[in-house]
Amino acid sequence: MPDRPTYGFDTLQIHAGTRPDPATGARQTPIYQSTAYVFKDADHAAALFNLQEAGYIYSRLTNPTVGALQERIATLEGGVGAVCCSSGHAAQIMALFPLMTPGRNVVVSTRLYGGTVTQFSQTIKRFGWSATFVDLDNEAAVRAAIDDDTRAIFCESISNPGGYVTDIPAVAKIADESGIPLIVDNTSATPYLCRPIGMGATLVVHSTTKYLTGNGTVTGGCVVDSGQFDWSQNDRFPALIKPEPAYHGLKFHETFGELAFTFHGIAIGLRDLGMTMNPQGAHYTLMGIETLSLRMERHVENAVRVAEWLEKDDRVDFVTYAGLASSPYADRAQKLYPRGAGALFTFAVKGGYSACVKLVDSLELFSHVANLGDTRSLIIHSASTTHRQLTPEQQEAAGVAPNVVRVSIGLEDVNDIIADLDQALCKATAG
Ligand SMILES: *Cc1c(COP(=O)(O)O)cnc(C)c1O
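Engineer: For this particular structure, what's the right way to read the nonpolar core?
Structural biologist: Considering soluble globular proteins, one finds that nonpolar side chains tend to be buried as a cluster. Ranked by size, the top nonpolar core spans 124 residues in total, and within it Leu 99, Ile 153, Leu 182, Phe 345, Phe 347 and Leu 359 carry the most contacts. In terms of domain composition, this core takes at least three residues from each of domain 1 (9–288) and domain 2 (292–429).

Here's what the structure looks like:
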């Protein structure tokens, strides 16, 4: 598609990154199911391997179907480039990899997807990295957590499990003043509800597994680069400014400018870590994104209706949805997320742990799964599943107390969603 930044979101979600196939005229982007690509001659091959010419070598690094998806997500997020990879968790490692070395740390929000808490609090230690968890609403605590070894701040735009909304401009300001990038996981909001780069974020990561694909079919991830961070402003990011021994001393920032991070992600990250997205997966996600705005509008509309109904119900103690007028985050949500606060929230059931378990077992339309962002409505009781290893105090702090369930509201008829909750709440709170 011609470079026309004037196109609206609904146009870009269908056209950005794709064009009729130059070889066959195929209107839909083909699944380029090929591992390798023929070089024109020896000079062409050498130029590709030296990163002097852009092109395809081997699908661990680049693939035309995956490339189309990268361009589409980068465009929707307002970034200059993107690197797709095998899952959301792979994207988080891919985002940190160029920034971190042993002994360095990342300052992260306490409000995160459960799997991310484990990845950051346990697994990254094996690389010699560490994470410092802070409440991002406490500016003094965030500033105090940043030290000479900090290489990034990490948060989610709309976060798990309670649908809490982050004040991205405020956190971006602290990152900027500290000379470090802000990385925002925009999975639950999607670029339709939130564009972190416009609010000052340097990198955006996605689990494309969720709303971008939209129907629970494939896992995938993506790192989008704003192109706006000056990696040479200090000496903290040697991988991006110092000569790279694996490329005859090439300096990524000097050579590729605003695309330094993206090129590093492909030429070093994908090449050597190998967390590659496969072209079939990219195809499903390209299909999903074509209807992103329509789905997100309905997800939000349904979530608001369900949250308002639950809030008024006697069998429910509280609802955490930031899209409710009664939410302590209502003002922030309206200001920063004017199209809606997503479709993920928790609610507390009178009767505690046993009532929650009974509720989950009694639902017929909702699926009991550890996932979100599906066309289907989903529910999970975190205290008895994803967070069962934590103490009750830790569960409380994580927003998944024993009396709380998390829902991801789907695209079904909202009256059917409410009727299902109604009949299950009856069973859960009877006697
Ligand atoms: C699911 C999810 C992840 C992890 O993504 P995977 O594709 O499952 O690896 C990360 N962050 C958020 C907010 C998620 O919902």
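Engineer: Whenever I open this one, the environment of Ala 36 confuses me. Can you help?
Structural biologist: Its location among the elements puts Ala 36 in the loop between helix H1 (9–15) and helix H2 (42–49). On the basis of relative accessible area, Ala 36 is assigned to the partly exposed category, the value being 44%. Residues Ala 36 and Ala 54, spaced 18 residues apart in sequence, show a C-alpha to C-alpha distance of 15 Å.

Engineer: Looking at this structure, I do not really get the site of the ligand. What am I missing?
Structural biologist: In the vicinity of the ligand lie 14 residues, with Gly 88, Asp 185, Ser 207, Thr 209 and Lys 210 positioned nearest. Asp 185 has a polar side-chain atom sitting 2.7 Å from a nitrogen atom of the ligand. In the model, an oxygen atom of the ligand is placed 2.8 Å from a nitrogen or oxygen of the Ser 207 side chain. Sort the elements by how many residues they give to the shell around the ligand and helix H4 (residues 88–96) lands first, with 3 residues. Here the shell around the ligand is built from residues that sort into 2 nonpolar, 9 polar and 3 charged.

Engineer: Help me understand helix H5 (residues 114–121), please; the structure alone is not making it clear to me.
Structural biologist: Note that an α-helix has 3.6 residues per turn; residues three or four places apart therefore point the same way. Along H5, the positions that sit buried rather than exposed are Thr 116, Gln 119 and Phe 120. Down the axis of H5, the buried set is contained in an arc of 90°. They therefore lie on one face.

Engineer: Even after reading the chapter, I still don't get the side chain of Thr 346, so can you show me in this structure?
Structural biologist: Positionally, Thr 346 belongs in strand S11 (residues 344–349). Within the structure, Thr 346 has its side chain in polar contact with the side chain of Thr 320 (distance 2.9 Å). Every residue in contact with Thr 346, bar those within four places of it in the chain, is listed here: Pro 161, Gly 162, Phe 318, Val 319, Thr 320, Gly 399, Val 404, Val 405 and Arg 406.

Engineer: How should the packing of aromatic side chains be read in this particular structure?
Structural biologist: The description of an aromatic ring pair uses the distance of the two centres, along with the angle that the planes make with each other. All told, the structure shown has 14 aromatic pairs when counted by the stated rule. Taking the centre distance of 4.9 Å and the plane angle of 90° together, the rings of Phe 120 and Phe 154 count as edge-to-face. Residue Phe 120 is found in helix H5, and its partner Phe 154 is found in strand S4 (residues 150–156); the two are separated by 34 residues along the sequence. Residue classification places Phe 120 among the buried residues on the basis of a relative accessible area of 1%. An angle of 45° between the planes, with centres 5.2 Å apart, marks the rings of Tyr 321 and Phe 345 as tilted. Here Phe 345 lies in strand S11 and Tyr 321 lies in the loop between strand S10 (316–319) and helix H14 (330–336), a separation of 24 residues in the sequence. Accessibility classification places Tyr 321 together with Phe 345 in one group, the buried group. Here a set of aromatic residues connected by ring pairs shows up, and it is made of Phe 229, Trp 231, Phe 237 and Phe 261. When the ring centre of Tyr 164 is taken as reference, the NZ or CZ atom of Arg 111 above it lies at 3.8 Å.

Engineer: Just to check I follow, could you spell out the packing of H4 against H5 for this structure?
Structural biologist: Any two packed helices are characterised by the angle at which their axes cross and by the distance between the axes. Between H4 and H5, the least distance of the axes is 11 Å, while the angle of their chain directions is 40°. Taken together, the axis directions place H4 and H5 in an arrangement best described as oblique. Between H4 and H5 the crossing geometry is right-handed. Contacts between H4 and H5 involve His 89, Gln 92, Ile 93 and Leu 96 on the former and, on the latter, Gly 115, Thr 116, Gln 119 and Phe 120. In terms of residue class, the contact of H4 with H5 is built from 3 nonpolar, 5 polar and no charged.

Engineer: Which parts of the structure should I look at to understand unusual backbone geometry?
Structural biologist: Excluding glycine, a negative phi dihedral is what most residues carry, and trans is how most peptide bonds are arranged. A cis amide bond links Asn 160 to the next residue, Pro 161, at an omega of -15°. Along the chain, Pro 161 turns up in the loop between strand S5 (158–159) and strand S6 (164–165). One non-glycine residue with positive phi stands out, namely Leu 51, at about 60°. Within the secondary structure layout, Leu 51 lies in the loop between H2 and helix H3 (64–77). With relative accessibility at 19%, the residue Leu 51 sits in the buried group. We note that Thr 190 has phi near 65°; this positive angle belongs to a residue other than glycine. Tracing the backbone shows Thr 190 in helix H8 (residues 190–193). Relative accessible area serves as the criterion here: at 1%, Thr 190 is assigned to the buried category.

Engineer: Help me understand the pairing of strand S3 (residues 130–134), please; the structure alone is not making it clear to me.
Structural biologist: Residues in a regular strand project their side chains so that they alternate between the two faces of the sheet. Alignment of strand S2 (residues 105–109) against S3, held across 5 bridges, turns out to be parallel. Residue pairing in the sheet places Val 106 in a bridge with Ala 131 of S3.

Engineer: How should I be thinking about the domain arrangement of the chain in this particular structure?
Structural biologist: Reports often express the size of an interface as the amount of accessible area lost when the parts come together. Looking at the assigned domains, one finds that the chain contains domain 1 (9–288) and domain 2 (292–429). Contact residues are listed per partner, giving 35 residues for domain 1 and 35 residues for domain 2. For the pair domain 1 and domain 2, the two sides together bury roughly 2900 Å², of which 57% comes from carbon and sulfur. If you sort the residues of domain 1 by the area they bury against domain 2, Tyr 192, Leu 193 and Tyr 211 come out on top, with a joint share of 27%. At the junction of domain 1 and domain 2, the tally comes to 1 salt bridge. Arg 332 is the salt-bridge partner of Asp 137, the closest N and O atoms lying 3.0 Å from each other. At the boundary of domain 1 with domain 2, the tally comes to 17 residue pairs in polar contact (both at pLDDT 80 or more).

Conventions and cut-offs
- Residues numbered from 1 in each chain as written.
- Predicted model: local features only at pLDDT ≥ 70, side-chain atom pairs only at ≥ 80, totals over all residues.
- Heavy atoms only, no water.
- Core = buried A, V, L, I, M, F, W, Y, C linked by side-chain atoms within 4.5 Å.
- Buried < 20%, exposed > 50% of the residue type's maximum accessible area, 1.4 Å probe, protein only.
- Domains from an automatic or database assignment.
- Helix = DSSP H or I, 4+ residues; strand = E, 2+ residues; numbered from the N terminus.
- Near = heavy atom within 4 Å.
- Polar contact = N/O pair within 3.5 Å; in protein donor to acceptor, adjacent residues only side chain to side chain.
- Nonpolar A, V, L, I, M, F, W, Y, C, P; charged D, E, K, R; others polar.
- Arc of directions from axis to C-beta.
- Contact = heavy atoms within 4.5 Å.
- Phe/Tyr/Trp six-rings, centres within 6.5 Å; stacked < 30°, edge-to-face > 60°.
- Lys NZ or Arg CZ within 6 Å of the ring centre and 35° of its normal.
- Axes fitted to C-alpha atoms, helices over the stretch in contact; angles between N-to-C directions.
- Parallel < 35°, antiparallel > 145°, perpendicular 65-115°, else oblique.
- Left-handed = near helix turned anticlockwise from the far one by under 90°.
- Pairing = 2+ DSSP bridges.
- Buried area = accessible area lost by both parts, 1.4 Å probe.
- Salt bridge = Lys/Arg side-chain N within 4 Å of Asp/Glu carboxyl O.

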